[in-house]
Amino acid sequence: MKKNHLVKLSSLALLFAFFALTSCATAPKPSYLDPIRWWDQGQQDPIRELAIETPEQLAARVPKRTDPKIVLLMYHNIVFGRTGGEYNRDLYNFEHDLVFLRNRTQIIGLDELPDIQSGKKKLDTDASIITFDDGDLSIYAVVFPLLKQYDIKATFFIITDFVGTTGYVSWVQLKEMSDYRNAKGEKLFTIGSHSLDHKRFDEIPADQIPRELSESKLAIESKIGAPVRYFALPFGAGAGRKEIIDMAKSLGYWGIRSSTPGVMTPGTIDMFNIPAFYMTNERADILAQQIYAKLLGR
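Residues numbered from 1 in each chain as written. Predicted model: local features only at pLDDT ≥ 70, side-chain atom pairs only at ≥ 80, totals over all residues. Heavy atoms only, no water.

Draft legend 1. Focus on the side chain of Glu-53. Structurally, Glu-53 can be placed in the loop between helix H1 (2–26) and helix H2 (55–61). Assessed through its relative accessible area of 17%, Glu-53 is described here as buried. For Glu-53, the side chain forms a polar contact with the side chain of Arg-61, separated by 2.9 Å. Excluding its chain neighbours within four sequence positions, the residues that come into contact with Glu-53 are Pro-46, Leu-58, Arg-61 and Arg-102. (Helix = DSSP H or I, 4+ residues; strand = E, 2+ residues; numbered from the N terminus. Buried < 20%, exposed > 50% of the residue type's maximum accessible area, 1.4 Å probe, protein only. Polar contact = N/O pair within 3.5 Å; in protein donor to acceptor, adjacent residues only side chain to side chain. Contact = heavy atoms within 4.5 Å.)

Draft legend 2. Molecular detail of the nonpolar core. Judged by nonpolar contacts, the single largest core of 75 residues is most densely connected at Ile-70, Leu-113, Ile-130, Phe-132, Phe-156 and Leu-174. At seven residues, the largest contribution of residues to this core is made by helix H5 (residues 138–150). Setting aside anything within four residues of it in sequence, one finds Leu-113 in contact with Ile-70, Ile-129, Met-264, Ile-269, Met-271 and Ile-274. (Core = buried A, V, L, I, M, F, W, Y, C linked by side-chain atoms within 4.5 Å.)

Draft legend 3. Inspection of the pattern of salt bridges at higher detail. Counted by the stated rule, this structure contains 18 salt bridges. Among the ionic pairs, Asp-67 bridges to Arg-298, the shortest N-O distance being 3.3 Å. Of this pair, Asp-67 sits in the loop between H2 and strand E1 (70–75) while Arg-298 sits in the segment after helix H9 (284–295), placing them 231 residues apart in sequence. Under the relative-accessibility criterion, Asp-67 is labelled partly exposed at 39%. Owing to a relative accessible area of 26%, Arg-298 belongs among the partly exposed residues under this scheme. Put simply, Arg-65, Asp-67, Asp-126 and Arg-298 are held in one network by salt bridges that share partners. (Salt bridge = Lys/Arg side-chain N within 4 Å of Asp/Glu carboxyl O.)

That's the geometry; what it means functionally is another story.
Below you can see the structure in the form of structure tokens.
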């Protein structure tokens, strides 16, 4: 009996080993987020879930437009699970934001706006631009690897005095993000300034504003070794003020992002008063409706 029992056990072990090897050979390569993507059962539907696709596959779904519009989205930080914070956006809804944007628009970089404004780059679809404010650590720990994986461009506006403090990115991490190039050698991520200390420009002395603009720009450039071309106004305060715009131009900025809700068309781009849509902690379907219906008018 013992011998027969051992033979049976050995046969079972071999059978299990065979199935294990077969499963490993056919199973899709897991993504780094699979353990916490509880909504993704490995059956990705490109229409409903974030999936790796070729540029041609993505372009085939985006509606063509004779009157293209551009919407810029302003995020702050991404969290796992439920959140009550206004500035937080959970990963589940953020990924679904990206699915919606890729299905309805082409996601472009902020650096492409000057060429669209001049007519050098033509749009035949609606476009979206992704930005993050402040420099929360989640932009490196969650957003950076996610956008790399799906080849999505973004701009990160940094409060320089906060860099390296608890809960914020370090200079080493920012440089890694800035230096990253995709398989085609394209730069996906740009770093912009969000001031030295996040003070409102309508509450600080006027003679302090040049320092906020210049020193934050120089600090980032010296640490990441790349030019800083865009500034995001803290709280959107001071949007459209001539003295701020003139100072930014003299320092070499290409544009200023405000917090004023709105969309642009190729013919209405104002590089020094760029509107933004603030991404609050709403369900993805609600925000999608707001962007598509209210802002883009589709």
